[in-house]
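So you can see what is in the structure, the chains are spelled out below.
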Amino acid sequence: MKGKSKIVDSEGLDRIITRMSHEILEHNKGSKNLVLIGMRTRGEFLAKRIWNKIKEIENVELPIGVLDVTLYRDDFRKRLKQPEVSVSNITFDINDKNVILVDDVLYTGRTVRSALNALMDFGRPASIQLCILVDRGHRELPIRAEYVGKNIPTSQNEEIKVKMTEVDNEDAIFLIDINNE
Amino acid sequence: MPLSSRHLLGLQGVPKEDIQLILDTALTFREVLERPIKKVPTLQGKTIVNLFYESSTRTRISFELAEKRLSADAINFSVSGSSVSKGETFKDTIKNIEAMKVDMVVVRHAAAGTPLFLTKISNANIINAGDGIHEHPTQALLDMYSIREKFGKIAGLKVCIVGDIAHSRVALSNIFGLITMGAKVSVCGPSTMIPKYIEDLGVQVIYNIDEAIQENDILNVLRIQLERKAREYFPSIREYAKYFGIDRARLEKNKKSIVIMHPGPINRGVELSSDIADGEHQIILQQVTNGVAVRMAVLYLLGTVN
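Everything in this summary refers to the structure shown in the same document.

What counts, and at which threshold
- Residues numbered from 1 in each chain as written.
- Chains lettered and ligands numbered in written order.
- Predicted model: local features only at pLDDT ≥ 70, side-chain atom pairs only at ≥ 80, totals over all residues.
- Helix = DSSP H or I, 4+ residues; strand = E, 2+ residues; numbered from the N terminus.
- Rg over C-alpha atoms; globule rule 2.2 N^0.38 Å.
- Buried ≥ 20, exposed ≤ 12 C-beta atoms within 10 Å, placed from the backbone.
- Pairing = 2+ DSSP bridges.
- Axes fitted to C-alpha atoms, helices over the stretch in contact; angles between N-to-C directions.
- Expected span 1.5 Å × (residues − 1).
- Contact = placed C-beta atoms within 7 Å.

**Here's the deal with the overall build of chain B**
Right, on to step 1. Scanning chain B from N- to C-terminus turns up 11 helices and nine strands.
Right, on to step 2. Scaling as 2.2 N^0.38, a compact globule of 306 residues should have a C-alpha radius of gyration of about 19 Å, and chain B matches this with 19 Å.
Right, on to step 3. Principal-axis analysis of the C-alpha atoms places the extent of chain B at approximately 60 × 45 × 35 Å.
Right, on to step 4. Residues counted as buried form 46% of the 306 residues belonging to chain B.

**Examining the sheet that holds strand E7 (residues 204-206) of chain B**
Residue and element names in this part refer to chain B.
Right, on to step 1. The strand order across the open sheet built from five strands is E7-E6-E5-E8-E9, with neighbouring strands paired in parallel fashion. Each edge of the sheet is formed by a strand with only one pairing partner; in this case those strands are E7 and strand E9 (259-261). The average undirected angle you get between the axes of adjacent strands in this sheet is 25 degrees.
Right, on to step 2. Direction of pairing for strand E8 (residues 218-221) relative to E9: parallel, over a ladder of three bridges. Among the inter-strand pairings, Asn220 is bridged to a residue of E9, identified as Met261.

**Focus on helix H6 (residues 169-180) of chain B**
Residues and elements named next belong to chain B.
Right, on to step 1. Compared with an ideal rise of 1.5 Å per residue, which puts 12 residues at 16 Å, H6 spans 17 Å between its outermost C-alpha atoms and is within 8% of the ideal.
Right, on to step 2. Among the 12 residues that make up H6, 11 are buried, leaving the element largely enclosed by the rest of the structure.
Right, on to step 3. Within the span of H6, buried status applies to Arg169, Val170, Ala171, Leu172, Ser173, Asn174, Ile175, Phe176, Gly177, Leu178 and Thr180.
Right, on to step 4. Buried residues in H6 make contact with helix H1 (16-32), strand E4 (125-131), helix H5 (137-151), strand E5 (158-162), strand E6 (184-188) and E8.

Set out below in structure tokens:
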């Protein structure tokens, strides 16, 4: 298909998740005090996959939660469409925990900014580490990810589309040229 | 997908999708209310005036909390101690308040149609918090939210509204909303308090409270509004309590399970006996909690579109 290329396939995605899980454990010297929080929608499933990997590697079940940041966004005034809100689900205490915040694509950094504000309303974690599947550049805020699955330099006319079987029909990462699609 | 209107004046004619959206959105805010910090920055920088020309505890506090938990700036206006007592007209008061740059107005007034009038003289988003004997949409929305929370659905349920149907804005909003959502609605009360053409709205009229208990899943029991001269419509309060009041003996005589709702404030011993008002059938305080979440949802949905 013109204007749309598959950058990572399903085996590749699995390898990336395996590597990132090891990096998380290495960086934190094990799984003690770690909690995973995925950002809706695809970050949620990505976090669940990392959770499974860590369970395989260390045989521990980390606390895992879901964060919806809609209410913290700064673009209400700019957007024409009203974003649909859904429910955050963090049932454990995040105080003094090392929080691994998981999302699919890191772009301007504004979603992560909202997530940081949202997390602060749940408590005061010891640290927040950002785990991102694709870093596509073009940051507008001073935000950096600890764990990056893949760096894909993009232009503003391109879009990264992460697909996951939980919500889409396949596991893959696509680079889409908006002008050419 | 935003709501189809930029005001919430009533539930008459409001499409099912809008009600559904408000109830779904309220679920998010219900979760916010369970957090250690019950506040989100969503309406930061918005100014909301609560314009209450009639006394209110629950609704006003509920709206004020909802506004504060969305980080909006909330201003309260009540008639006593305002320039209304100096003879300023309603329109002048509004024009002056609007000149101070407000984004949304929550209004309660004894005259039906006040919120509609406001939409014609102001650019703010208007939310009806009760206008005379017309509508009280957020109360009906929180009632429907509470029903959905309890039963997991609204469609197909049988709901009976009990009491002074003719002078109740809560009843009217509930009838419009519940019928839109597919519930089967009936009303029950003394014949003097049932409006003549109420059946045209698609509701069934029941004059016997025992029958109402037997046939319904939910009773939404209204307050007998003694301040609105309700006494003129029946011989005595004791007689009303005897024929339409709900107490344990009456429930046990008639039925296995039923859910009792009440918009508050309760006249204990009149429409509900104390042991029912505090008993296992009622969800009255859940209604109050849900009220904040539902009002946050309405403010969010109206306040974040241009």
